[in-house]
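Given next are the chains, with one letter for each unit.
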Amino acid sequence: SYDNGSDNYSFSADTRQPLVDNLSLSASRNDLFSYGNNNKHVLKAGDNLTLSFTTDESIDNDSLSVSLKIGSDNRSSMLIKSIENDNNTSWKASYSVVSQDKGLVEWQISGIDRAGNTLTKNNSLGVVSSLNFQSYQNKTYDVDNDDPDVINISITNTISRSVIRIIVATKI
């Protein structure tokens, strides 16, 4: 800043890292399969994932990167990204699962503020362990577009007249 009366200049250095202070991940369906594992959500083609987050200060729009990997495939170019407010502190990235997707969902967020300080996770933000994460609220998201294979069919007649029990085993 400049003081016209004394002809003095003063400068402030911004060395504080901007923080992701709120983050949510949601899927378009609430009835996601879990294959008997409550810590795993299974997605199919057509399901939508939305990552929303806020920062405690403005992030340079050109530096902000939201990356998405499903299995070994980088799906970042297929993300729909948007700024949700005028001061560049609220962001959203959405993705629609396609039939070719298969594997664990992994997100990564990075960016800098105007002073060049690197975006980091607020320590009090407990829903993810870092800004590169596969687990949200201790749950993973996995894409499985494969149809199950029937591997065994067993038919047993336990009473000679009318009851037939059919057991079908599938490979998932």
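Everything here concerns the structure above.
Caption draft 1: Focus on the nonpolar core. L23, L51, F53, V105, W107 and I109 are the most contacted members of the largest nonpolar core, which totals 29 residues. Counting residues per element, the ones that place at least two in this core are β3 (19-27), β5 (48-55), β6 (65-70), β9 (90-96), β10 (103-110) and β14 (139-143). Excluding residues within four positions of it along the chain, W107 makes contact with L25, L49, L51, V66, S67, L68, L79, A93, L131, N132 and F133.

Caption draft 2: Local environment of the environment of D101. Looking at the secondary structure, you find D101 in the loop between β9 and β10. Overall, the relative accessible area of 1% leaves D101 in the buried class. Considered as a pair, D101 and N145 are 44 residues apart in the sequence and their alpha carbons are 7.0 Å apart. In contact with D101, not counting residues within four places along its chain, are I70, R75, Y95, V143 and N145.

Caption draft 3: Structural detail: the pairing of β5. Relative to β5, β3 runs antiparallel, the two being bridged by seven bridges. Paired with L25 across the bridge in β5 is L51. Bridge analysis of β5 against β9 gives seven bridges, and the strand direction is antiparallel. Pairing of T50 across the sheet is with S94, part of β9.

Caption draft 4: Main features of unusual backbone geometry. Of note in the backbone geometry, N88 takes a positive phi value of approximately 55 degrees without being a glycine. Position of N88 relative to the elements: it lies in the loop between β8 (80-83) and β9. N88 sits in the buried class, given a relative accessible area of 17%. With phi around 50 degrees, Q137 is a residue other than glycine that occupies positive phi space. Examined against the element boundaries, Q137 turns out to sit in the loop between β13 (135-136) and β14. Taking the relative accessible area as the measure of exposure, Q137 reaches 44% and is therefore partly exposed.

What counts and what doesn't
- Residues numbered from 1 in each chain as written.
- Predicted model: local features only at pLDDT ≥ 70, side-chain atom pairs only at ≥ 80, totals over all residues.
- Heavy atoms only, no water.
- Core = buried A, V, L, I, M, F, W, Y, C linked by side-chain atoms within 4.5 Å.
- Buried < 20%, exposed > 50% of the residue type's maximum accessible area, 1.4 Å probe, protein only.
- Helix = DSSP H or I, 4+ residues; strand = E, 2+ residues; numbered from the N terminus.
- Contact = heavy atoms within 4.5 Å.
- Pairing = 2+ DSSP bridges.

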